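Summary of structural features
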Amino acid sequence: MFEFFKKKFKKESEDEQSQQEAFTSEQAQDDLSYGNVTDTSEPISAQEEISEAQMVEPEFSQTEEKKEEPEKKEAADPEGSQEAASKKGFFSRLVQGLTKTRAQIVTGFDTLFSKFHAIDDDFYDELEEIMIMGDLGVRTTEEIIEDLKASVKQEHIKKPEECRQFLIDSIKARMQPGEDAYRFETEKSILLVIGVNGVGKTTSIGKLAAKMKRGGRKVVVAAADTFRAGAIEQLREWTVRADVQLVAQQEGSDAAAVVFDAIQAAKSRDADLLICDTAGRLHNKKNLMEELRKIDRIVGREYPDAYRETLLVLDATTGQNALEQARVFKEIADITGIILTKLDGTAKGGIVVAIESELKIPVKYIGVGESIDDLQRFDPDAFVNALFTPLEE
Ligand SMILES: Nc1nc2c(ncn2[C@@H]2O[C@H](COP(=O)(O)OP(=O)(O)OP(=O)(O)O)[C@@H](O)[C@H]2O)c(=O)[nH]1
Ligand SMILES: [Mg+2]
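Quick caveat: nothing in here was measured; it's all calculated off a predicted structure.

Contacts to ligand 1 come from 23 residues, most closely from G200, T202, T203, G280 and G367. With three residues, helix α10 (residues 201-214) is the largest single contributor of residues to the shell around ligand 1. For the shell around ligand 1, a count of residues per class yields four nonpolar, 11 polar and eight charged.

Okay, the environment of R236 next. Along the chain, the position of R236 falls in helix α11 (residues 231-242). Along the chain, R236 and A222 lie 14 residues apart, while their C-alpha atoms are 9.8 Å from each other.

It is worth spelling out helix α7 (residues 121-133) at this point. Across its 13 residues, α7 extends 18 Å between first and last C-alpha, which sits within 8% of the 18 Å expected from 1.5 Å per residue. By the burial criterion, the buried members of α7 are L127, I130, M131 and I132. Just downstream of α7 lies D135, where phi reads positive at about 65 degrees.

What follows deals with the environment of E302. By the secondary structure assignment, E302 is in helix α13 (residues 285-302). Expressed as a C-alpha distance, the spacing of E302 and F260, which sit 42 residues apart in the sequence, is 7.4 Å.

Turning to the pairing of strand β5 (residues 307-315), a few remarks are in order. The element β5 is largely enclosed, with a buried count of seven among its nine residues. Pairing of strand β1 (residues 189-194) with β5, which is carried by six bridges, proceeds in the parallel orientation. When the sheet's bridge partners are listed, L191 is paired in β5 with E309. The sheet contact formed by β5 and strand β6 (residues 337-341) spans five bridges and is parallel. Across the sheet, residue L314 finds its bridge partner in β6, namely L340. Handedness of the crossover is the feature at issue here: the chain leaves β5, passes through helix α14 (residues 320-332), returns alongside β6, and the resulting connection is right-handed.

Turning to the nonpolar core, a few remarks are in order. Generally speaking, soluble globular proteins have nonpolar side chains that are buried together. Ranked by internal contacts, the top residues of the largest apolar core, which has 95 residues, are A222, V259, L274 and I275. Looking at this core element by element, the count peaks at nine residues for helix α12 (residues 255-268). Ignoring anything within four residues of it in the chain, the contact list for A222 reads V247, V258, V259, A262, L274, C276 and D277.

Considering every residue of the protein, the mean pLDDT works out to 79; 77% of them sit at 70 or more. This stretch, residues 1-80, has a pLDDT under 50; its non-local contacts, to residues over four places away or in other chains, come to 88 contacts.

Let's shift gears to unusual backbone geometry. Here the phi dihedral of D135 falls at roughly 65 degrees; this positive angle occurs in a residue that is not glycine. In this fold, D135 is placed in the loop between α7 and α8 (138-154). According to the C-beta neighbour criterion, D135 is buried, with 27 such atoms within 10 Å.

On to the packing of α12 against α13. Orientation of α12 relative to α13, taken along the N-to-C sense of each, is 20 degrees, at an axis distance of 9 Å. The angle between α12 and α13 falls in the class roughly parallel. The handedness of the crossing between α12 and α13 is right-handed. Facing α12, whose interface residues are A255, A256, V259, F260 and I263, α13 presents E291, K294, I295, I298, V299 and E302. Counted by class, the contact of α12 with α13 contains eight nonpolar, no polar and three charged residues.

Turning our attention to the sheet that holds strand β2 (residues 219-224). The mixed open sheet is built from eight strands, whose spatial order is β3-β2-β4-β1-β5-β6-β7-β8. Edge positions in the sheet fall to β3 (245-247) and β8 (375-377), since each has one partner strand and no second. For this sheet the average axis-to-axis angle between neighbouring strands, irrespective of direction, equals 25 degrees. Taken together, the six bridges between β2 and strand β4 (residues 273-278) define a ladder with parallel strand orientation. In the sheet register, A223 faces β4, and the bridge partner there is D277.

Close contact between α8 and helix α9 (residues 163-173) brings their axes to 10 Å; oriented N to C, the two are set at 135 degrees. Considered as vectors, α8 and α9 are oriented oblique to each other. The element α8 and its partner α9 pack so that their crossing is right-handed. Here I144, D147, L148 and S151 of α8 come into contact with α9, specifically with C163, F166, L167, S170 and I171. Residues of the contact of α8 with α9, tallied by class, amount to six nonpolar, two polar and one charged.

Definitions and limits used
- Residues numbered from 1 in each chain as written.
- Chains lettered and ligands numbered in written order.
- Predicted model: local features only at pLDDT ≥ 70, side-chain atom pairs only at ≥ 80, totals over all residues.
- Near = placed C-beta within 6 Å.
- Helix = DSSP H or I, 4+ residues; strand = E, 2+ residues; numbered from the N terminus.
- Nonpolar A, V, L, I, M, F, W, Y, C, P; charged D, E, K, R; others polar.
- Expected span 1.5 Å × (residues − 1).
- Buried ≥ 20, exposed ≤ 12 C-beta atoms within 10 Å, placed from the backbone.
- Pairing = 2+ DSSP bridges.
- Right-handed = clockwise from strand over helix to strand, strands pointing away.
- Core = buried A, V, L, I, M, F, W, Y, C linked by C-beta atoms within 7 Å.
- Contact = placed C-beta atoms within 7 Å.
- pLDDT = per-residue confidence, 0-100.
- Axes fitted to C-alpha atoms, helices over the stretch in contact; angles between N-to-C directions.
- Parallel < 35°, antiparallel > 145°, perpendicular 65-115°, else oblique.
- Left-handed = near helix turned anticlockwise from the far one by under 90°.

Structural data, given as structure tokens:
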């Protein structure tokens, strides 16, 4: 087994030259060793924070006057054939994006079940290998196999093939979101979107804002990524497409000050949902923690009655790297859910199971493309069905 892990992780690091900023626990440790991270600085009043920032009048997109938006046409369509067609398209893109994982898991299972005639240690070893190669995560794999062993014993299962459905059901059962998972969709809420650079935060915010707006909610978006050049413009374009309001300051201004402005705007317009974009390129854990802490204080003071949601965005094509990012972010922020993007790419779909099962953070949305309607609520049953769709389909 040890040789297998070595092989597996060597392969990962070779074919996974992630373009994303390295954001590892090790680096986080380095940052921590410089001290002061846990040393909360003097409380800063919102006013002080604002005056530190280059205050400019909040900019609001002029979208309310806009008459013709392509999405509007779509939103005006009655729920029906188009909706069904788009759902079907969504599922097939998901199935397509999961090809690599399906090749690993489905083919692996097929071979395994036809090769073995008895459920013995060799069978379990091979099953373990297939699941780990499919990115289900070491701990999750072990847990599922332990459950399988108990069930085989209890129910006197003799044929390997009979284990297939157990495995599918066991994976599904690990991914059911809690009852409160989508409370922010119906209550007055503030949603913070975090994650390393390039994972798809801004794009997902655009898609989500459009989705919520179509559902009849009044949405305000805060451009609190003031760090990256062009970030505000990119978000502005999305808010125009989604037909929602944007609150922004100049590039380089204080992110917490933008959030402060956005909260005032959300209150005065009686918005239902305030979504805050944040910077991915914050260099290290210390900067990120400081920025999130500042935003946290502002929200706590200025918008105490809003329901809080913090979604971490992860890129599904990065596999184990995404799991590692989730681990690091979990130490920094109170993450309430995950948006998993790029499941239409060469996604490592098994990672969803590992994240849910090992970190106990529910995946709430998945992205399967770059267009405005390419974001959907995560449906564990549909996902696992897609994961186990035979390759020829
Ligand atoms: N194929 C595909 N591409 C996506 C998806 N989500 C986002 N992208 C693409 O990923 C790239 C990065 O997306 P952004 O939304 O800018 O990512 P970000 O996390 O905001 O990046 P920073 O602002 O640099 O931190 C863009 O080219 C998006 O079009 C998805 O679900 N599928
Ligand atoms: Mg962005």
